[in-house]
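Inside the fold
Chain by chain, the residues run as shown.
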Amino acid sequence: MQDSNHSAPKTTLQQAPQSLSLWERLRRLHPYFGHQRLAWTMAVLATIVAAATEPLIPALLKPLLDQGFTEGSLELWMVPVAIIGVFLVRGLAQFTGQYALTRIANEGMLRLRTALFERLLAADMGLFHRQSASALSNTVVYEVQTGFTSLVQALLGLSRDGFTLVALLGYLIYLNWQLTLIVAVLVPGVAWVMKTLSRRLYKITKSSQQATDDLAYVVEENVLAHRVVRLHGAQTEQAARFDTLSQRLRRLAIKSTIASAAMTPTTQLLSAGALSTVICIALWQSHGNGAKDVTVGGFASFIAAMLMLIAPIRRMADIANPITRGVAALERGLALLHEAPAETGGTHTAQRAQGAIALRNVTVSFRPDQAPALDAVSLDIRPGEVVAFVGPSGAGKTTLVNLLPRFLSPSSGQVLLDGVATDQWALPSLRAQFAMVSQDVVMFNDSVAANVALGAAVDEQRVQHCLDAANLAEYVASLPQGMHTVVGHNATQLSGGQRQRLAIARALYRDAPVLILDEATSALDTESERLVQQALQHLMQGRTTLVIAHRLSTIEHADRVVVMEQGRIVEQGPHAELLARGGLYARLRAHGGA
């Protein structure tokens, strides 16, 4: 099948330019964070109140020590009232701030995740050739969750520690503004450390995301192809692939840890140097001005406030790690929105098409260095005509039928339905004209009835009729809840033939004017196929039907057989006439390859 992608995708969605600053990258998230003004107001006010209580803790030391221990003039009832009151206000403010920021983050996560899923449902089909299912699901589910969780933790820490630093510095300036100026030496040092290491961490995080996608793809391949792997004894080879990618991910994780862990000791060293200098100068000042001017409470209050600066400074140094990780994760989602455009269609609509199909000199090329999947194909199909497409594997049969509902777009030429080019049709209206049963059956983890009526309301009588026509009614009736039984993940509890017949019932329920059967009876035993063929012959009346099949029983009932080879139509006509010609079709039939 030319339009399938069976190898691990090596291309990824374009990432945000690394030249953007962290602030510019954060601004790209504003549409998802910025809609809750009340929550933001609550978060800011609560954080300011919580930060304002921080300097009150060292400030209480001065009266406690001077008036309580030294002079003995402090009323005892004031001690629990002051301490409990400060911590009560602080706790309520921290709870309110955390609740508000968490609400903002979860609302933003919901907005972005919904936008991503809606884009997946409407994305240009090329996205699914470039990206694996595991990479896309990882972006929509896990990357968004990781990104917003990291950011909300970072925002909590940034707001709490940022305002705390301001409050403590304000208190220190009030106590001794000359000494407090020494703390300013921390600012450029910490800023340089954070900027240098966060850039490296950002690059490592991007590489880790790609390594994670590659590892997940190997797991996905081996889960889906577990029978093939065991049949060919390829466990050792696959384990080696997994080990290579796991080792790469491990090395990146270690590099990330080194870059992240280096921030804390470097920042602490700068803080310790500044703190020791401040204490020495404070002692020198107190001796110079006379020890009688320095009280025990005042000195303890100043030192406590200085020591309380270290923790928020250290946490502020670490803040680059979750912010960088969060932004890097969310940028994959933003890239999916910005770099994977939605499908576009025209404006033509029709309630029900007549089913006339025409291809005019259509060429489809997937890569310039490969032969085209379709090469200048022209074909006319009348309304209600049953046309079978045969040919060796890779002849372009599936590519041709995928052009009709615009799962693919031609590189050149035109595809028309009822005389209107398919790119001029509104996509919902165009696809409403087709029902398809593919050789790759996909079912949803829902009831039998919901799978049959996919995309439409469930009419139990119609569902039952379609199950009867697909020779599946007896089996469904034996299920615990009949047609309302949930079939499980991709209907794995059904046999291959039952899943194929359930897909046929879905196509019959759709009742579209054009029916596409891509190896639709390939998984049926002879008796089941006979019964389904009888039903299909009745239900195909009045519908244009395109059949890709190898079995003679499917082909011989067609009005016309189109024989394809290397992307071209080499002959066409009724079954008996083509056999009499002795061409490619006759040779394929003789070798059992049609």
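Quick note: structure is the one above.
Residues numbered from 1 in each chain as written. Predicted model: local features only at pLDDT ≥ 70, side-chain atom pairs only at ≥ 80, totals over all residues. Heavy atoms only, no water.

1. Some points on the pairing of strand β7 (residues 514–518)
Among the 5 residues in β7, 5 count as buried, and that is most of the element. Side-chain alternation along β7 places Val514, Ile516 and Asp518 on one buried face and Leu515 and Leu517 on a second face that is also buried. Relative to β7, strand β6 (residues 434–437) is paired through 4 bridges, and the arrangement is parallel. Residue pairing across strands places Met436 opposite Ile516, the latter belonging to β7. Sheet analysis places β7 next to strand β8 (residues 544–548), joined by 5 bridges and oriented parallel. The residue of β8 that forms the bridge with Leu515 is Thr545. (Buried < 20%, exposed > 50% of the residue type's maximum accessible area, 1.4 Å probe, protein only. Helix = DSSP H or I, 4+ residues; strand = E, 2+ residues; numbered from the N terminus. Pairing = 2+ DSSP bridges.)

2. Regarding the side chain of Thr398
Mapped onto the secondary structure, Thr398 falls in helix α15 (residues 397–403). Look at Thr398 and you get buried, because its relative accessible area is 10%. At 3.3 Å, the side chain of Thr398 and the side chain of Asp518 are in polar contact. (Polar contact = N/O pair within 3.5 Å; in protein donor to acceptor, adjacent residues only side chain to side chain.)

3. Quick word on the packing of helix α7 (residues 133–175) against helix α14 (residues 320–339)
Interaxial distance between α7 and α14 falls to 7 Å at its minimum, and their mutual angle equals 145°. Of the two possible hands of crossing, α7 and α14 adopt the one that is left-handed. Contacts between α7 and α14 involve Leu136, Thr139, Val140, Glu143, Val144, Gly147, Phe148, Ser150, Leu151 and Ala154 from the former and Pro322, Ile323, Gly326, Val327, Ala329, Leu330, Arg332, Gly333 and Leu336 from the latter. In terms of residue class, the contact of α7 with α14 is built from 12 nonpolar, 5 polar and 2 charged. (Axes fitted to C-alpha atoms, helices over the stretch in contact; angles between N-to-C directions. Left-handed = near helix turned anticlockwise from the far one by under 90°. Contact = heavy atoms within 4.5 Å. Nonpolar A, V, L, I, M, F, W, Y, C, P; charged D, E, K, R; others polar.)

4. Some remarks on the sheet that holds strand β10 (residues 568–573)
Spatial strand order, β6-β7-β8-β3-β9-β10: 6 strands in an open sheet with mixed pairing. Two strands close off the open sheet at either side, each with one partner strand: β6 and β10. Adjacent strand axes in the sheet meet at a mean angle of 20°, parallel and antiparallel pairs treated alike. On top of the sheet, helix α20 (residues 496–510) reaches β6 and β7; it is set at about 175° to β6, its chief contact.

Don't take any of this as a statement about function, it's just geometry.
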